[in-house]
Amino acid sequence: PFYYILFTNENAYHIILKLIIDYPEHKRISLNHFIINNICSLAQNQYSYTCIIKFIACNKNMNIRMLLLQKLSQNFVNLISFNNGCNIILYVVEKLGSEYINFIFNEMMTNFSYFIQNGNDYIYSIEKLLINMYKYNPNRFVNMIWQILENHTLINLFFSCPNGIKLISII
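Residues numbered from 1 in each chain as written. Predicted model: local features only at pLDDT ≥ 70, side-chain atom pairs only at ≥ 80, totals over all residues. Heavy atoms only, no water.

Describing a nonpolar patch on the surface
On the surface, Val142, Trp146 and Leu149 cluster together into a nonpolar patch covering about 300 Å² of accessible area. By the element assignment, tryptophan 146 lies in helix H11 (residues 138-150). The class of tryptophan 146 is exposed, set by a relative accessible area of 51%. (Patch = residues over 30% accessible without salt bridge, like charges linked within 9 Å, V, L, I, M, F, W, Y side chains within 5 Å. Areas by Shrake-Rupley, 256 points an atom, 1.4 Å probe, with all protein chains shown as cover. Salt bridge = Lys/Arg side-chain N within 4 Å of Asp/Glu carboxyl O. Helix = DSSP H or I, 4+ residues; strand = E, 2+ residues; numbered from the N terminus. Buried < 20%, exposed > 50% of the residue type's maximum accessible area, 1.4 Å probe, protein only.)

Below, the structure is given as structure tokens:
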């Protein structure tokens, strides 16, 4: 609770930013794990969102990066349901390198049927993700399209739901 108050308060989040900037990662282990374990709830607040972005920008530890990617994958659907969450996912790829985009491809393929059936809240975020997926790895994007075309169940779903039509037009 103490960290959460510092992260989400407009007068206190600067303390967290200072810790992230001034202390090496190995000296702020509990803070690193707090950010990773609470990324969904923190991403919904503008102050803590700023801290998360700074955390990603200052991250050099490969183990922390892998934990962060794992948590982003586990919470992918929740994160893209709001703009800051989607921006965090995209910032990870932008800041850490295009090799980190593979988890987005995997999560999109895993969750396409869910997005088609329940995706009104996700359309804008999915569009941003798809644009960046193509930008960072056009070959993998084309392969993803072929995977979609080969999946008859998914194709039927795309054309039978209003969100599916929107998504197929974006692709």
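Side note on the state of the cysteines
In the structure shown here, the tally under the stated rule is zero disulfides. Left unpaired, cysteine 58 is separated from the closest cysteine sulfur, that of cysteine 51, by 11 Å. (Disulfide = S-S within 2.5 Å.)

Regarding the pattern of salt bridges
Using the criterion set out here, one finds one salt bridge in the structure. Between aspartate 22 and lysine 18 there is a salt bridge whose closest N-O contact spans 2.4 Å. With aspartate 22 and lysine 18 both in helix H2 (residues 13-22) and four residues apart, the pair spans about one turn of that helix. The class of lysine 18 is exposed, set by a relative accessible area of 52%.

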